[in-house]
Amino acid sequence: MTAPTAPGLFGALREQLTDAAAAFAGSPDALAGILAGIVDDVDRALGEPLEIFPVCHHSPASALAMVRRLRAKQPKVIYLELCEDLRPLLGELRNCRLPVAVQAFATELDGFPAEWSPLSVVAPITEASAEYQAIAYALETPGVELVLVDRSTDHVFQWSPRTADQPPQDGPAADPESGEEAALHGDAVGVEIGDLRPRFAELEAYLLHHGKVRHWSEWWDQYVERPLADADHDTYRQVMVLIGSLFRRLRPADPDRHDRDEDRERYMWTRIRQHLAASGADPADCLHVCGAFHAASHVEQFGLDSTAPDFPISPRTGTRWRYGLIPSSHSAIEAQFGLARGAVSIAAASWTTAVSRSGLVPYRLDGQRGQKKTRRTRGAATPAPAGPATDRLTGFLAAPPALDELDEAELRGWCVDIVRLARRNGYLASTADAIAVFETAILLANLRNRARPTPYDFADAAVTCIEKDVVPGRRDVRRLCEILLGGDRVGQVGYDSLPPLARDVLDRLRPLGLDLEKRTVQRALLDLRADPALAPCSDLLWMLRHLLPPDAARPIMGERRLGHRSLQESWDLALGRNQRALIELGYEGVTVEQVLEQRLRRAVRGPDATAARALAAVEDAIRLLDSPRLVDELGARAVELLAAERTVDDAPDVLRRIRRLLAHHRTTAPALPAWCQAFVTTGYAHYCTLLPTAFVDEATGVRQVGAMLGFLFSMEGLALSLGCDRSQLELAVAQSHPETPAKVALLWAARHQLGLLPLVELRARCADLLANPLVVPAFPQYLSGFVHALEPVPGLAPFVVETMSTAFARLPDPVLLPWLPTLISTLREQGPELVPLLVREAERTFPATLPALDAWTPPWTAPAAPAAPAAPAAPAVAAAGAGPVHGLLVAHPEAVDAVAALLGCAAPWQPAAAAACAGLAHSGAPGAEAAALLATHPATATAVAALLRPT
């Protein structure tokens, strides 16, 4: 834009600045052009037929100037810099307690990268802001139209850089060290009116250094807020446009940010022209409220007299946006927009003080929660006639700043109150500290060229005089100063403005008798046996536990697992503190059940879905929702995911969950569901196929291979009954050739379970390993494999205890001691369920007392008992008695031979056994051996007879 050639309203000021640039810079080119351009921007903005009202976000000075201008001008149309699709929500502000944030939320994206989901845009609103005063005036004054002219929330993300791995940000990043209340906005993109802050780091550092302040918020409060708090309308407008133009011209080269700012300005002026053309409103009765940065715009569409064509506005994407109000807080606004801690609280306190001092009656929405009722004047105010604009900027820049007089009573009250508050929080503060804070605050203000200490001076003085090396409580002195000066006010959305889901939750939990809209943590006691009507509340609380943050609904007593429901429950509820999460839950559906069902479906249909996650979704559906149809659908999806997996990373989780689900269905249903049967058969074939590869794959851990074998062996009976072939497993084990010691031990255990490796041979192999000096350093890895083998072969527990005991006895200390911590950490992290097996087996094997331990001999080192002679074997067999079973075994001895071979028994059949059995059946009385035994040892029979004899 070219600067106007006419002298205009600020001709004298322009000449002064040009002469000053030539005198101080030595060259009138660059600096003079900037200074003259700033004056031209002010002249241009004031000459616009549509009055532009520049504001700064959450500025009490802007809010005061807005109240004065609205009462003087009484505009009929207000164009507000805010996302145009948020207009229907503004009427709901009357049901809320400020501060709150207007929000647009989307989870189902169409036209944006999937990695950005969910998308969220918030616009926080406080009472001490010019936009709230404009909104309240427009909504409470008949015949006034409020038009939002900024880009829509969809365009906010359309114009953002397409970086898939990092969601877009439209404002400063939130402070990661902010507290709980600072997280009320989450990771939403903030939309603010009047982002008035230097974008040139060197300029901000220069202003802070020469202003003798630490943060931009403090500089703004000292040099802009306080001087403009009581300024007239013309002075306010000219100064604000001047600041906006200065920050606009002195900014780094950022093409993306620069283009985005100018596109927003083109968008706003295009919407203003379209509305004026459609409504026929008189520009003299309109007011354009925008940030001071945009008031000094240079785009070709600026102004109603511009001949540039309208800005082409792209259509919105297919993303479905949901709108609502969420609670906000002072700290949330500070964290999201990079303000100093306590800046918004101090602004709120300054607003209250200024309103009381000036006698202004601010605009408020009728029924606004948390606001005092104000007396309304009857009849409409008469608009003040607009006088000719005068140059107020020259006098403001030339005059020294007006120094406020010291208000000793106010400062004294602050000092006394901060000492009292500090003592309540554990500080050893006294009256002497109050005096020191008073004097230090005055000293700091004088050093910073101000006669009246500001809240920032007072906070610095309190920290200097009261805070010691250690903070005794949860709050430091600076936080106590924030509480004293107004605190972190937290807003709340009223019941009528909540989405249907949130209202439904509060209605369904009403039988608990608690005020769940409070921000305090409340204890709910549910005795479901005495009051069965509370069962629906219990079901809802468990669903909220699954959907909301952990502290929103926290169970103290009671649990909900497969096949079990507690008869008594105790809950800590903080739904009021987590109102934002509850509201955003309402954007996803109408009822909690609907949202939970949708999330479970998304969990099994997403790109990162696995069989383990699908089984977890099945468990959640059984525990939380009574929907067999959904369970069958999720189970069928789990079968599909298992068949499509090419890794076995989740095998332990799959095994644990399918075992629980099978046990649940076996105890609650007459037959297993079809999806359970399909999962077992699919898993059996799937893991048999992947077993040889998993044994040799270095990326597959021992725990995963053990879980695969656990699935195959524990599900083998069910799988074979459903049509699987056991030869698949035998071939898979035969084709497995691991190289790492731990997996070799697992393979030995699998072969033992299949009957291919007798226990005697397995024990001999371990003895050979210990006898080989080259293998001894790697023997702990074999032990780790045997420990993980307890998952598929729990019957190996005695052998594992035996092997570990032998290793502890024979391994050298340089090998044993480094391995023990690894074994403990491995069992704790990967196999906690295996520890009870080892402990029970060790308890059964080892003696329980120390004296017995001294004389104890391990059973695996005790000499073997002498074998019984072979000749009496036939009568012993015959003594069992003849019968159809015995005859069947004699006629078909193959099964007995196989068992004898498995047990290592090589004794042949006695040829006379069958004849002896046949002769014994026809001679002698049956039970003769038992009678002879009782006659030889009558004590047992006598004791039983005495026990049974009636008294």
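It should be noted that the structure appears before, not after, this text.
Everything numeric in this text was worked out from a predicted model, so none of it was measured. (Residues numbered from 1 in each chain as written. Predicted model: local features only at pLDDT ≥ 70, side-chain atom pairs only at ≥ 80, totals over all residues. Heavy atoms only, no water.)

Chemist: Give a detailed account of the overall build of the protein chain, specifying residues and quantitative values.
Modeler: Scanning the protein chain for helices and strands turns up 41 helices and 13 strands. Counting the 951 residues in the protein chain, one finds 48% classified as buried. Put simply, of all contacts in the protein chain between residues at least 6 apart along the chain, 76% involve residues at least 24 apart. Accessible surface, the protein chain as shown: approximately 45,800 Å² in total, 57% of it carbon and sulfur. (Helix = DSSP H or I, 4+ residues; strand = E, 2+ residues; numbered from the N terminus. Buried < 20%, exposed > 50% of the residue type's maximum accessible area, 1.4 Å probe, protein only. Contact = heavy atoms within 4.5 Å. Areas by Shrake-Rupley, 256 points an atom, 1.4 Å probe, with all protein chains shown as cover.)

Chemist: Please provide a residue-by-residue account of the sheet that holds strand β10 (residues 553-557), values included.
Modeler: The three strands lie next to each other as β9-β13-β10, forming an open sheet whose pairing is antiparallel. Looking along the sheet, the strands with just one partner apiece sit at the ends: β9 (522-527) and β10. Shown here is a sheet whose adjacent strand axes are inclined to one another by a mean of 25 degrees, direction ignored. Two elements, β9 and strand β13 (residues 568-573), share six bridges in a ladder whose sense is antiparallel. Bridge pairing links A524 to W571 in β13. Against the sheet, helix α19 (residues 535-547) engages β9, β10 and β13, with an angle of about 50 degrees to β13. (Pairing = 2+ DSSP bridges. Axes fitted to C-alpha atoms, helices over the stretch in contact; angles between N-to-C directions.)

Chemist: Before we move on, can you summarise the sheet that holds strand β5 (residues 145-150) with the specific residues and values?
Modeler: In spatial order, the strands read β1-β7-β2-β5; together these four strands make up an open sheet with parallel pairing. Each edge of the open sheet is held by one strand with a lone partner, namely β1 (51-55) and β5. Direction aside, neighbouring strands of the sheet carry axes that sit 30 degrees apart on average. The pairing of strand β2 (residues 77-83) with strand β7 (residues 286-291) spans four bridges and is classified as parallel. Bridging from a neighbouring strand, L80 pairs with V289 of β7. Across the sheet, helix α4 (residues 130-140) lies against β1, β2 and β5, angled at about 130 degrees from β2, the strand it touches most.

Chemist: Residue-level account of unusual backbone geometry, with values.
Modeler: In this structure, P99 follows L98 across a cis peptide bond, with omega equal to 5 degrees. Residue placement: P99 occurs in the loop between β2 and β3 (100-106). Positive phi outside glycine occurs at Q74, with the angle close to 55 degrees. Structurally, Q74 can be placed in the loop between α3 (60-73) and β2. Residue Q74 is classed as buried on the basis of its relative accessible area of 14%.

Chemist: Could you give an account of the nonpolar core, with specific residues and numbers?
Modeler: Counting residues in each nonpolar core, the largest one holds 200 residues, and the members touching the most others are L509 and F679. Sort the elements by how many residues they give to this core and helix α25 (residues 674-696) lands first, with eleven residues. Look past the residues within four positions of F679 in its chain and what remains in contact with it is L615, A638, V639, L642, V654, I658 and F711. Counting residues in each nonpolar core, the second largest holds 30 residues, with A340, A343, V437 and C481 among its members. (Core = buried A, V, L, I, M, F, W, Y, C linked by side-chain atoms within 4.5 Å.)

Chemist: Please give an account of the side chain of E584 that cites residues and values.
Modeler: With respect to the element layout, E584 can be found in helix α20 (residues 579-586). Every residue in contact with E584, bar those within four places of it in the chain, is listed here: Q103, F105 and S120.

Chemist: Can you lay out the pattern of salt bridges for me, pointing to particular residues and giving the numbers?
Modeler: Evaluation of the coordinates by the stated rule reveals 43 salt bridges. For E584, the salt bridge is made with R580, and the minimal N-O distance between the two is 3.4 Å. Highlighted residues: E584 and R580, both in helix α20, separated by four residues, approximately one helical turn. Of the charged contacts, one joins E791 and R659 as a salt bridge, the two residues approaching to 2.6 Å between their closest N and O atoms. Taken together, the positions of E791 in the loop between α31 (779-788) and α32 (797-810) and R659 in helix α24 (residues 651-668) put the pair 132 residues apart, joining distant regions of the chain. (Salt bridge = Lys/Arg side-chain N within 4 Å of Asp/Glu carboxyl O.)

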